[in-house]
Amino acid sequence: SGPALRQWLLRVCRAPAPVKEAPSRRAGAEESSRVLADPGAVVVLIKAASDSLSVEELELLLYASLEWKDEQATERLIQELDIPRPALKPSLRQLARSCRLFWDVFALTKEPGWRQRAQEAAERIVSDFYDNSRQAFVSDPRRPPYTELNAMAALALLRAGSLSEARYTVFARDLLHRLVSQNYEPSQG
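In this report, the structure presented in the accompanying data block is examined. Not measured: the values here are computed from a predicted model. Per chain, residues are indexed from 1 in the order of the written sequence. Residues qualify for local features only when their pLDDT is at least 70, as the model is predicted, and side-chain atom pairs are given and counted only at 80 or more; totals for whole chains, interfaces and linings, by contrast, use all residues. With hydrogens and water set aside, each side-chain value is computed from the structure's full complement of heavy atoms.

Note on conventions: DSSP H or I runs of at least 4 residues are helices, E runs of at least 2 residues are strands, and numbering of each starts at the N terminus. Secondary structure summary: the chain contains eight helices and two strands in total. In sequence order, the chain lays out its α and β elements as α-α-α-α-α-α-β-β-α-α. Under the scheme applied here, a residue whose accessible area is under 20% of the maximum for its type counts as buried, over 50% as exposed, and between as partly exposed, the area being computed with a 1.4 Å probe on protein chains only. Within the span of the chain, comprising 189 residues, buried residues form 42% of the whole. For this analysis, residues touch if any pair of their heavy atoms sits within 4.5 Å. Looking at the chain alone, contacts between residues at least 24 apart form 69% of all its contacts between residues at least 6 apart. Of the accessible surface of the chain, which amounts to about 10,600 Å², a share of 51% is contributed by carbon and sulfur atoms. Shrake-Rupley sampling with a 1.4 Å probe provides the accessible areas, and residues are treated as covered by the protein chains on show and by no other component.

Here it is as structure tokens:
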């Protein structure tokens, strides 16, 4: 509800932002101990520390920033996204959500660093997960493509196309057309 969301927002915005360190959560895992400190790198929204906000909470901060023009929410959102995260190979779900969030933050701030992060995330969605032979995004080549993940990737690419290159829009529309033609049965809704 609106009042509960505003209460949460006030609590989050008043809480101190976490320090700009990403502690390794997996002892002995070389990949998780490296940190993406380059502001242009694709930073995946993985919960790196117990005081970091979840992706859902970041999306709520973005909503408050865009819809309510809440400057505290915008400031906290940027602080959270500037925290380096462990350099893990992201899942398609994480990358699609990150891509949409980065494009939305770019639309909010107009800062080129967010555009670069969003652009890199969109490119990784296509280069790391698109399977030409199946004409779909796959997270695991041994499994069939999941409609939900393809829809998430399509939404991220539509956002990228609206703020960047039209080729992403064409790519997403083609993908959505295939999803509808392969998965929609008119008699079943």
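Now that the structure is up, let's keep going.
Before going further, it helps to examine the nonpolar core. We call a set of buried Ala, Val, Leu, Ile, Met, Phe, Trp, Tyr and Cys residues a nonpolar core when their side-chain atoms join them within 4.5 Å. By size, the foremost hydrophobic cluster in this structure holds 37 residues, and its most contacted members are L81, I125 and F137. Elements with a minimum of two residues in this core: α3 (55-67), α4 (71-81), α5 (92-109), α6 (112-129), α7 (147-163) and α8 (166-183). Examining the composition of this core, we find that nine residues originate from one element, α5, more than from any other. Leaving out residues up to four positions away in the same chain, I125 has contacts with L92, L95, A96, C99, Y130, F137, A153 and A156.

Fitted lines through C-alpha atoms serve as axes, helices being fitted only where they are in contact, and the angles separating the N-to-C directions of these axes extend from 0 to 180 degrees. Close contact between α5 and α7 brings their axes to 9 Å; oriented N to C, the two are set at 25 degrees. Classed by the angle they form, the pair α5 and α7 counts as roughly parallel. Considering how the two elements wind past one another, α5 and α7 form a crossing that is left-handed. Across the interface between the two elements, L92, R93, A96, R97, C99, R100, W103, D104, F106 and A107 from α5 touch E148, L149, M152, A153, L155, A156, R159, A160 and L163 from α7. Of the residues assigned to the contact of α5 with α7, the class counts are 13 nonpolar, no polar and six charged. For classification purposes, angles smaller than 35 degrees are called roughly parallel, those larger than 145 roughly antiparallel, those between 65 and 115 roughly perpendicular, and all remaining angles oblique. When the near helix sits turned anticlockwise from the far one by under a right angle, the crossing is termed left-handed; a clockwise turn instead gives a right-handed crossing. Ten residue types, Ala, Val, Leu, Ile, Met, Phe, Trp, Tyr, Cys and Pro, are classed as nonpolar, four, Asp, Glu, Lys and Arg, as charged, and the remainder, Gly among them, as polar.

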